[in-house]
Amino acid sequence: GQQVMQIPQYQHVQEGEDFTTYCNSSTTLSNIQWYKQRPGGHPVFLIQLVKSGEVKKQKRLTFQFGEAKKNSSLHITATQTTDVGTYFCAIGSARQLTFGSGTQLTVLP
Amino acid sequence: SAVISQKPSRDICQRGTSLTIQCQVDSQVTMMFWYRQQPGQSLTLIATANQGSEATYESGFVIDKFPISRPNLTFSTLTVSNMSPEDSSIYLCSVLGTPGTSGHRYNEQFFGPGTRLTVL
């Protein structure tokens, strides 16, 4: 099945700094989803990207889907302590999602 | 969004025993899934629970080890059989949001709170 690489594995930032996590696939993707998992919590859906070059924003979060639909990024502007958690991308069909390895974000106050 | 509950929330079990995890959804859903998340790791799909028929297992997971029931459209169970310490994980059920229904725009998955299993 399809696989996706996610980097970095860990990121420590000072509160107020920006943060970006990247997902890359060797094959063209039909869509990509992003989830956030707070420490001790369960994954929560953030967004789905479908179109080539698509950019979507949710407050301080910006999601991008590459022109070739092989990569995606999640960028957080001016991180806050509430952004702490692990961010996962996920690819595949609705019936079979494959999750990236995740990026664990730590925000230092 | 669907409200999902899981029981138990956590358990500590002895090697060789079995544990059945329950997943209850507050509305009827077509697709239900079971995932495993080992400490500090990503989520791995175990199987899709099909109502009225046998579950569909992913590579590396077998029915004898992880039998699944899906008696109706709001409930499923996952049993972890003949447990070993390597089975220590968080087990999560999820359901598929259906586009077009109230509040759903995408085929996102909604996850239950998870069951934290420790096998000694």
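Because the structure is predicted, anything quoted here is derived from the model rather than measured.

Reading the values: the criteria
- Residues numbered from 1 in each chain as written.
- Chains lettered and ligands numbered in written order.
- Predicted model: local features only at pLDDT ≥ 70, side-chain atom pairs only at ≥ 80, totals over all residues.
- Heavy atoms only, no water.
- Helix = DSSP H or I, 4+ residues; strand = E, 2+ residues; numbered from the N terminus.
- Buried < 20%, exposed > 50% of the residue type's maximum accessible area, 1.4 Å probe, protein only.
- Polar contact = N/O pair within 3.5 Å; in protein donor to acceptor, adjacent residues only side chain to side chain.
- Contact = heavy atoms within 4.5 Å.
- Buried area = accessible area lost by both parts, 1.4 Å probe.
- Salt bridge = Lys/Arg side-chain N within 4 Å of Asp/Glu carboxyl O.
- Nonpolar A, V, L, I, M, F, W, Y, C, P; charged D, E, K, R; others polar.
- Pairing = 2+ DSSP bridges.
- Axes fitted to C-alpha atoms, helices over the stretch in contact; angles between N-to-C directions.
- Patch = residues over 30% accessible without salt bridge, like charges linked within 9 Å, V, L, I, M, F, W, Y side chains within 5 Å.
- Areas by Shrake-Rupley, 256 points an atom, 1.4 Å probe, with all protein chains shown as cover.
- pLDDT = per-residue confidence, 0-100.
- Disulfide = S-S within 2.5 Å.

A. Region of the structure containing the side chain of B:Gln6. Residue and element names in this part refer to chain B. Looking at the secondary structure, you find glutamine 6 in strand 1 (residues 4-7). The class of glutamine 6 is buried, set by a relative accessible area of 8%. Within the local environment of glutamine 6, its side chain forms a polar contact with the side chain of threonine 115, the two groups lying 3.2 Å apart.

B. Representation of the environment of A:Leu49. Its place among the elements puts A:Leu49 in strand 5 (residues 44-49). Here the alpha-carbon distance between A:Leu49 and A:Gln64, two residues 15 residues apart in the chain, equals 7.6 Å.

C. Structural view of the interface of chain B and chain A. The interface is formed by 19 residues belonging to chain B together with 16 residues belonging to chain A. Where chain B abuts chain A, roughly 1,600 Å² becomes buried across the two surfaces, and 56% of that area is made up of carbon and sulfur atoms. Here chain B and chain A share zero salt bridges between them. Among the secondary structure elements, those contributing two or more residues to the side of chain B that touches chain A are strand 4 (32-37), strand 5 (43-49), strand 9 (89-96) and strand 10 (109-111) of chain B. Of the residues contributing to the side of chain B that touches chain A, the split by class is 10 nonpolar, seven polar and two charged.

D. Inspection of the sheet that holds strand 8 (residues 71-76) of chain A at higher detail. Residues and elements named next belong to chain A. An order of 1-3-8-7-6 is seen for the five strands of this open sheet, with the pairing classed as antiparallel. Looking along the sheet, the strands with just one partner apiece sit at the ends: strand 1 (5-7) and strand 6 (55-58). Averaged over all pairs of adjacent strands, the angle between their axes in this sheet comes to 15°, without regard to strand direction. Looking at chain direction, strand 1 and strand 3 (residues 19-24) are connected through three bridges and run antiparallel. What sits directly across from glutamine 6, in strand 3, is cysteine 23.

E. Representation of the sheet that holds strand 8 (residues 75-80) of chain B in the model. All names here are of chain B. Strand order in the open sheet formed by four strands is 1-3-8-7, with antiparallel pairing between adjacent strands. Every other strand in the sheet has two partners, leaving strand 1 and strand 7 (68-72) as the edge strands with one partner each. Across the sheet, the axes of successive neighbouring strands diverge by a mean angle of 15°, strand direction being ignored.

F. Main features of the pairing of strand 10 (residues 96-99) of chain A. Residues A:Leu97 and A:Phe99 point to one face of strand 10 of chain A and are all buried, whereas A:Gln96 and A:Thr98, pointing to the other face, are not buried. As consecutive antiparallel partners, strand 9 (residues 85-93) of chain A and strand 10 of chain A are separated by two residues.

G. Spatial organisation of a nonpolar patch on the surface. Nonpolar side chains collect at one region of the surface, where A:Met5, A:Ile7 and A:Tyr22 lie side by side and expose about 320 Å² of accessible area between them. Assignment of secondary structure puts A:Tyr22 in strand 3.

H. Up close: the confidence of the model for chain B. All names here are of chain B. For chain B, the average pLDDT comes to 91, and 92% of its residues sit at 70 or higher. Taking the mean pLDDT of every element in chain B, the minimum, 92, falls on strand 10 and the maximum, 98, on strand 2 (residues 10-13). Scored below 50 in pLDDT, residues 100-104 shows five contacts in the model against residues more than four places distant or in partner chains.

I. Quick peek at the state of the cysteines. Residue and element names in this part refer to chain B. The tally for this structure, following the rule as stated, stands at two disulfides over all chains. Here cysteine 23 is linked by a disulfide to cysteine 93, with a sulfur-sulfur distance of 2.0 Å. Across the S-S bond linking cysteine 23 and cysteine 93, the dihedral sits near 70°, which makes this disulfide right-handed. Placement of cysteine 23 in strand 3 (residues 19-25) and of cysteine 93 in strand 9 is noted, with a sequence separation of 70 residues between them. Of the residues examined, cysteine 23 reaches a relative accessible area of 0% and is grouped as buried. Classification of cysteine 93 by relative accessible area gives buried; the value is 0%. Looking at the unpaired cysteine 13, the closest cysteine sulfur is the one in cysteine 93, lying at 17 Å. Accessibility expressed as a relative area gives 8% for cysteine 13, which makes it buried.

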